[in-house]
Amino acid sequence: MKMITKFLMARFEISNINYEKIIGVCEAIQAIIKEYPVSIPSFKFKTVPSDPIFTKELVSNKTYTSPSVVAAYTAIPLALLTSPDIFTEDKMLKIFEVYDKVIKKNKILRNETLYALGNLIFSKRMAFSTKQVDLLSGIQRQLVDSLDSDESIFCFISLLTLSPKLNTRYADTALDQKLSDLYVDGFDRFLQLCPTSTETVHLRLITIANNILLKQDQSQTQILLAFQALSQLKVSPNSYSENLILEYCYHLKNPSLTVRKAAADVILHFQNVTKSSAVSKRLLDVVAIDHDEDFRIDLLQHLSKSTSDTYAIFTVHGLIRDTDDEIRHEAFKYLTILAEHSGVPELITARLNEFAVDLTIKSTVKKQDLEPFLVISDGLDDPAQPYAEPLRSILLQFAPFLIGHLSKLKLLPPAALQLLAQLISINSTSVDINLLLPHITHALQPYSSRSKLKAGIALLKSLLTNTDFNTHVTIEDLATFDRLLTSSVAETEEFQISVLTTLSSIGAIRPEILNLEDQSNKEPKFSHSPNTFINTQDPHDPVAALVYTSLGVTLSVLSDILLDTSFETLHTLALQAVFTILKSNPLDNTLLTIVLDCINKLLEVGESSTITTLLNNVPTLIKSLGSRFAVLVPKFVDLVCTHWGSLDDHLLLRLTEWMVMFQKKNFLPHILKVTIIFTENFQSLPKERVEDLLSLFISYGESISLVDHVVIPPLLDYIIFHAKEEHVQQSVIGRLDEILVLGGGKPFAYQIFRTIIAAYAKNKALHKQCLDIILHTGEMLGDQFRSHIPLLESIFDFTQSIDLCKLSTCVMTNKPYQPLLKLSIGDPNAPQRIPRAPAVHPDVTKSSANLPQISIDAIDLKLPKADFDELAWTTWFEDLVRVVFSKSQSRAITACREIAIRHNTILSSLFPIAFAILYYLWCQEKANSTKKEKTVNYDTFLKTIFNSPTTPL
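What counts and how
- Residues numbered from 1 in each chain as written.
- Predicted model: local features only at pLDDT ≥ 70, side-chain atom pairs only at ≥ 80, totals over all residues.
- Heavy atoms only, no water.
- Helix = DSSP H or I, 4+ residues; strand = E, 2+ residues; numbered from the N terminus.
- Buried < 20%, exposed > 50% of the residue type's maximum accessible area, 1.4 Å probe, protein only.
- Areas by Shrake-Rupley, 256 points an atom, 1.4 Å probe, with all protein chains shown as cover.
- Patch = residues over 30% accessible without salt bridge, like charges linked within 9 Å, V, L, I, M, F, W, Y side chains within 5 Å.
- Salt bridge = Lys/Arg side-chain N within 4 Å of Asp/Glu carboxyl O.
- Lys, Arg positive; Asp, Glu negative; His and termini not counted.
- Charge placed at Lys NZ, Arg CZ, Asp CG, Glu CD.
- Phe/Tyr/Trp six-rings, centres within 6.5 Å; stacked < 30°, edge-to-face > 60°.
- Lys NZ or Arg CZ within 6 Å of the ring centre and 35° of its normal.
- Axes fitted to C-alpha atoms, helices over the stretch in contact; angles between N-to-C directions.
- Parallel < 35°, antiparallel > 145°, perpendicular 65-115°, else oblique.
- Contact = heavy atoms within 4.5 Å.
- Nonpolar A, V, L, I, M, F, W, Y, C, P; charged D, E, K, R; others polar.
- Polar contact = N/O pair within 3.5 Å; in protein donor to acceptor, adjacent residues only side chain to side chain.
- Expected span 1.5 Å × (residues − 1).
- Core = buried A, V, L, I, M, F, W, Y, C linked by side-chain atoms within 4.5 Å.

## Comments concerning the overall build of the protein
Part 1 of the reasoning: Tallying secondary structure elements over the protein gives 48 helices and 0 strands in all.
Part 2 of the reasoning: Evaluated residue by residue, the protein yields a buried proportion of 51% over its 953 residues.
Part 3 of the reasoning: Carbon and sulfur atoms form 52% of the exposed surface of the protein, whose accessible area is close to 45700 Å².

## Things to note about a positive patch on the surface
Part 1 of the reasoning: Together, Lys62, Lys101, Lys105 and Lys107 make up a positively charged patch on the protein surface.
Part 2 of the reasoning: Relative to the helices and strands, Lys62 is located in the loop between helix 3 (56-60) and helix 4 (67-82).

## Considerations on the packing of aromatic side chains
Part 1 of the reasoning: On inspection of all chains with the given rule, the structure shows 20 aromatic pairs.
Part 2 of the reasoning: Where Phe187 meets Phe190, the ring centres are 6.1 Å apart and the plane angle is 90°; that geometry is what we call edge-to-face. With Phe187 and Phe190 both in helix 10 (residues 181-193) and 3 residues apart, this pair spans about one turn of that helix.
Part 3 of the reasoning: With centroids separated by 6.4 Å and ring planes inclined at 80°, the aromatic side chains of Tyr240 and Phe270 adopt a geometry described as edge-to-face. A residue pair is termed long-range when its members are at least 10 positions apart, and Tyr240 in the loop between helix 12 (220-232) and helix 13 (242-248) and Phe270 in helix 14 (residues 257-274) qualify at 30 residues. Each member of the pair, Tyr240 as well as Phe270, is classed as buried.
Part 4 of the reasoning: One cation-aromatic arrangement involves Lys764 over Tyr760; the distance from NZ or CZ to the ring centre is 4.3 Å.

## Here we look at the packing of helix 14 against helix 16 (residues 293-302)
Part 1 of the reasoning: Two numbers describe how helix 14 lies on helix 16: the axes approach to 11 Å, and their chain directions differ by 5°. The orientation of helix 14 with respect to helix 16, classified from their angle, is roughly parallel. Contacts from Leu257, Arg260, Lys261, Ala264, Leu268 and Asn272 of helix 14 reach helix 16 at Phe295, Leu299 and His302.
Part 2 of the reasoning: Residue composition of the contact of helix 14 with helix 16, by class: 5 nonpolar, 2 polar and 2 charged.

## Considering the pattern of salt bridges
Part 1 of the reasoning: Within the structure shown, the criterion is met by 19 salt bridges.
Part 2 of the reasoning: Between Asp148 and Arg110 there is a salt bridge whose closest N-O contact spans 3.0 Å. Taken together, the residues Asp148 in the loop between helix 7 (130-143) and helix 8 (150-158) and Arg110 in helix 6 (residues 110-124) connect sequence positions 38 residues apart.
Part 3 of the reasoning: Take Arg110: its relative accessible area is 15%, and that puts it in the buried class.
Part 4 of the reasoning: Taken together, the shared-partner salt bridges in this structure form one network comprising Glu293, Arg296, Asp322 and Arg754.

## What about the side chain of Ser280?
Part 1 of the reasoning: Assignment of secondary structure puts Ser280 in helix 15 (residues 277-289).
Part 2 of the reasoning: Looking at Ser280, its side chain comes within polar contact range of the side chain of Tyr311, at 3.2 Å.
Part 3 of the reasoning: Beyond its immediate sequence surroundings of up to four residues, Ser280 is in contact with Gln271, Leu303, Ser304 and Tyr311.

## A word on helix 22 (residues 414-426)
Part 1 of the reasoning: The end-to-end C-alpha separation of helix 22 is 19 Å, in line with the 18 Å expected for 13 residues at 1.5 Å each.
Part 2 of the reasoning: For helix 22, the buried fraction is high: 10 of the 13 residues fall into the buried class.
Part 3 of the reasoning: Within the span of helix 22, buried status applies to Ala415, Ala416, Leu417, Leu419, Leu420, Ala421, Gln422, Leu423, Ile424 and Ile426.
Part 4 of the reasoning: On its buried face, helix 22 sits against helix 20 (371-378), helix 21 (388-408), helix 23 (433-443) and helix 24 (450-466).

## Notes on a negative patch on the surface
Part 1 of the reasoning: Taken together, the side chains of Asp265, Asp294, Asp298 and Glu326 define an acidic patch exposed on the protein surface.
Part 2 of the reasoning: Mapped onto the secondary structure, Asp298 falls in helix 16.

## Structural notes on the environment of Glu779
Part 1 of the reasoning: Along the chain, the position of Glu779 falls in helix 41 (residues 767-781).
Part 2 of the reasoning: A residue is classified by how much of its surface remains accessible, and Glu779, at 9% relative accessible area, is buried.
Part 3 of the reasoning: In this structure, the C-alpha to C-alpha distance between Glu779 and Val811, residues 32 residues apart in sequence, is 9.5 Å.

## Points about the nonpolar core
Within soluble globular proteins, side chains that are nonpolar tend to cluster in buried spots.
Part 1 of the reasoning: One finds Leu230, Tyr248 and Phe636 to be the most contacted residues of the largest nonpolar core, which totals 315 residues.
Part 2 of the reasoning: Here the element with the most residues in this core is helix 28 (residues 542-562); it accounts for 11 residues.
Part 3 of the reasoning: Sequence-distant contacts of Phe636, defined by excluding residues within four places in its chain, comprise Ile599, Leu603, Leu614, Val618, Leu621, Phe629, Leu655 and Met659.

If you want it as structure tokens, here you go:
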């Protein structure tokens, strides 16, 4: 500060002051003094900076003007404020005489001189000599009939300080002048010097302000001035009536944000002192509907809140789902203050449940994830408050879950550690100290931030106080505490005492370290030996037994391939083969288990190409697995959440919709997690994807109520942002209407009305759709719709909707109203946009009589020759494989034709079964047929193969 002072004052210490360059310096000094009044003695002047005003031309030349004179006008009052001792009575009188002459003779500088004189008089602080009073009284008498500018009024107000006793005639003249910035500034400085006149000035000012504020045709500038005057002059709230302030509330809807803020300053000042519930209600309505987020936040933060504000419950409950984070936070804090009232604990608990569900789907936690729990925790700081005990009971309900869940996470922010400390103090039975020890160790490191150290110590204190923590402390923990103690030397004394007090209370230690090794057994790998399957079948029907075995072996082999990354190039073919089998063959529980285990593991390790194939065949899985598909739902949900934005979004949405339609009970526990993922970056999604998502949300049916707090806020933002786009008019607002009907939407009433007002302001073509939204939201609100009707009617033409007019009339006249909410969505007889449920297959075939009938004559096998060389045998076998895999009675075999040709392991696993089926089929036909054989004799066929000396081994 000394360097700044020296630098600024150096301009005044030179012999020849350059006045034209000191105006900025004076303004800088004034700004510093205003912010730091204690700095006044630092700005000492050695001489009065008044040389330019004693120039002869200033008085003799009526049109004379000079920047130096204006600069001196600025510097003289500043010098009087900081260095009054350099102003002798004679010097002061000469300055006043110059001002008097300039005011009378120089028309160009008259206003500047009047303002400078007013400033100087206020800076004199009523310390006038008799000669000075006589001179200034003459100026006062001249001005009383020539108050023709704001500067003259300002000067005239300053002259009221000439006498400790207020001159009523002059005061009335001054008060009756036109409102302006200088008028307000003048009376503000006057009342600082003459506080006994405060009541007189305030009452007159209210009258002047009312002449502006209670009329409809006043300019924005005048309205703004009126409110700023009431605020700047600090008019006492006791000077207003409640009805008058309620009239002022009309200006909270002014199109000008500056006017709304100025009005709010006056109204909030009144409400904070009087605690008027009627005014509070008006302010809350503005918070709910205004479009400027900063203004809404400021109103809600500065609104005086009382535990008796029961009228606020509904409005505040609606605001806890606002689109703005700070509004939601402040509204929830307000709601907790009302916790003693009936129904409020249930509202708070419901909100906490939503956050608790969110926590379960997150592997890491941030402070904002715990915000409502932290608010509840802070509410317990003052046990004497009437809301403290209800909040404690609410938090106690969530303590076991929060302690257990947070303890298991790897890293916790300081806020989570503080919350754990509070939770343990009210419920220590749910504590697993072994899980909390790593968190304490991590927090109490020398390199940790101050906030984390404090949180770690708070948690440690809570554990020491409420549990047998000291019996769990290990040698490693003691090393951590030792490092903490060493590092605390550089901290504040308060922090050091906190560390010492906490660590000293640990007491005796049992340094036992338990290393428990996980002895869980690994599941045995599934064997795909044919005997696993054939032994379970009827030995009297070998063909059916072999077909069943082919299914088991094929599915097992395909499963092994799909789960082996070295066979990645075959994964798509293998998966297609699995689905071909599922489509063609009903499977029993044994075979379905193979498929289920394979798909389950594949969802964990599969690549994008495999996953895409899997997604395209989900309907087949649902149809084949039936109720057993339920175990795959969590994995498919994880797949959707992991690959949203990287895989084809349409496929992921279709998968979700299938789960909603056919596995709804099992999908519901995950509906929040999926919906949160879908609504991230909602604003930037293409319109086609937005419409797909809205269709999905509608397919949730009444379950949308579980996630409406996730869906509706971004949807409302989307409507405002894209209001001018055609698809919003044609479909998006209509989808919002359907979602509201399905999910209630009542908590979002304020946000909905704000949205449609903003959207309509951008696109007048949305009028009809907005009326529909108003109608359905109003029906849900019932009597609470009454407070919204005046504003909405001033913007929308209710007469264009007969139903809305009827609703409005009934609500305003307290007459019963029969809601018209009868959409096709809720009508069980209405046609639905839902796919037909998959058909259920009969049980797997147990008899060859039910297998597809293939004549052995249709299978063209070529007999090998005993003298084939190696090349001939290879060519013959390749032809045999094609025939056997193409003509097999087992659909599992035919499904694997392409992959078997490309992969010898599959071929060697499946060919024996495939050939055995053909052989037994030939045996059956031979036993049942009397006709002459036209095809190969399989006995000869086999003898040639096994007896030839050239057959490859």
